[in-house]
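Report on the structure
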Amino acid sequence: MHSFFLHPRFLLGVVILGTARERVSHAYAYTYEPPGRDPTSIDNARSSERSVVLTSDNFDELTEGKLVFIKFYSPYCPHCKTISAAWDELASYYRGPTDDGDDNDDMVKGNNKDILIGSIDCSDSPGGKDLCVRFEIVGLPTLLYGDASLGGIYLEEYGGEKTFEDMKSFAANALVPKCNPGRLDACPHDTRIEMETYMAMSYQALDDKIKGMEKDKEELKASFKDMFALLQRKYDEYVREKETQILMAKVNLRLIKEIIATKG
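Residues numbered from 1 in each chain as written. Predicted model: local features only at pLDDT ≥ 70, side-chain atom pairs only at ≥ 80, totals over all residues. Heavy atoms only, no water.

Looking along a regular strand, one sees the side chains alternate between the two faces of the sheet. Here strand β2 (residues 67–73) lies mainly inside the structure; seven of its seven residues are buried. Burial along β2 is two-sided: Leu-67, Phe-69, Lys-71 and Tyr-73 and Val-68, Ile-70 and Phe-72, pointing in opposite directions, are all buried. Bridge count for β2 against strand β3 (residues 115–121) is seven bridges, and the pairing is parallel. What sits directly across from Val-68, in β3, is Leu-116. Bridge analysis of β2 against strand β4 (residues 142–147) gives six bridges, and the strand direction is antiparallel. Bridge pairing in β4 links Phe-69 to Tyr-145. (Buried < 20%, exposed > 50% of the residue type's maximum accessible area, 1.4 Å probe, protein only. Helix = DSSP H or I, 4+ residues; strand = E, 2+ residues; numbered from the N terminus. Pairing = 2+ DSSP bridges.)

Now the structure itself:
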């Protein structure tokens, strides 16, 4: 019954990756270290991240109740490196005042304690890699955003430009509280009452409710199918009637023209 709350993204990931074996194999590919890479530079890339480093050990704790923007990356990924500077700038923008004594740097307009800018290293096994498997990450870098309630089932993929200004503008509009079962305080009164009613129901009652709604949906589809068929027959009759009248008008018009020619 817990599958009732699965986000479509999780289901889509299953379709894209195929079997469970293929998904695990793909995830292990994140841990592959190309030969000739300098381990020190890789460690530097990881340690230079200004966003909150998330792993399977701290993800739920650090993101609880947060609106998040998360980068899934690997220090071995060239495309990840191209957005690292912009991502660090975004993380600094939302990180809030620092203690470096620079008043200008401390004026962070985007500072918001309810927003978390994070990063997950898919090549970091097991902590980062496990999260990349959990969220069905199939390409790097991948950016997910949204409400982290209920373990992140509401997260969606960001598909915009990956410059600082573009991501900042997007975050300002997208990272706002939205009504869902994990954030009832953002819901209109009537919607909240409805959600609380569902949340108070047992799993069996919810399952029965789903089956009833699915049955109603199928009956509605069948009803509209019958109605459409009736309308289609009516339409076909009107088309035939129109064509008959047009044909008669053409015959009468030709006859009148022939009579006029005869009189001439």
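It is worth spelling out the state of the cysteines at this point. Each disulfide consists of a covalent bond between the sulfur atoms of two cysteine residues. The full count for this structure, using the stated rule, is two disulfides. Shown here is the disulfide that connects Cys-122 with Cys-132, its sulfur atoms set 1.9 Å apart. Taking the torsion about the sulfur-sulfur bond, which here is approximately -85°, the covalent link between Cys-122 and Cys-132 counts as left-handed. Taken together, the residues span a long stretch of sequence, with Cys-122 in the loop between β3 and α7 (127–134) and Cys-132 in helix α7 at a distance of 10 residues. Per residue, the accessibility class of Cys-122 equals that of Cys-132, and both read buried. Residue pairing for Cys-179: its cysteine sulfur links by disulfide to Cys-187, the two sulfurs lying 2.1 Å apart. Around the S-S axis, the bridge from Cys-179 to Cys-187 shows a dihedral of about 95° and counts as right-handed. Of the residues examined, Cys-179 reaches a relative accessible area of 31% and is grouped as partly exposed. Residue Cys-187 is classed as buried on the basis of its relative accessible area of 11%. Cysteines bonded in the chain are numbered consecutively along the chain; their disulfide partners then correspond to 1-2, 3-4. (Disulfide = S-S within 2.5 Å.)

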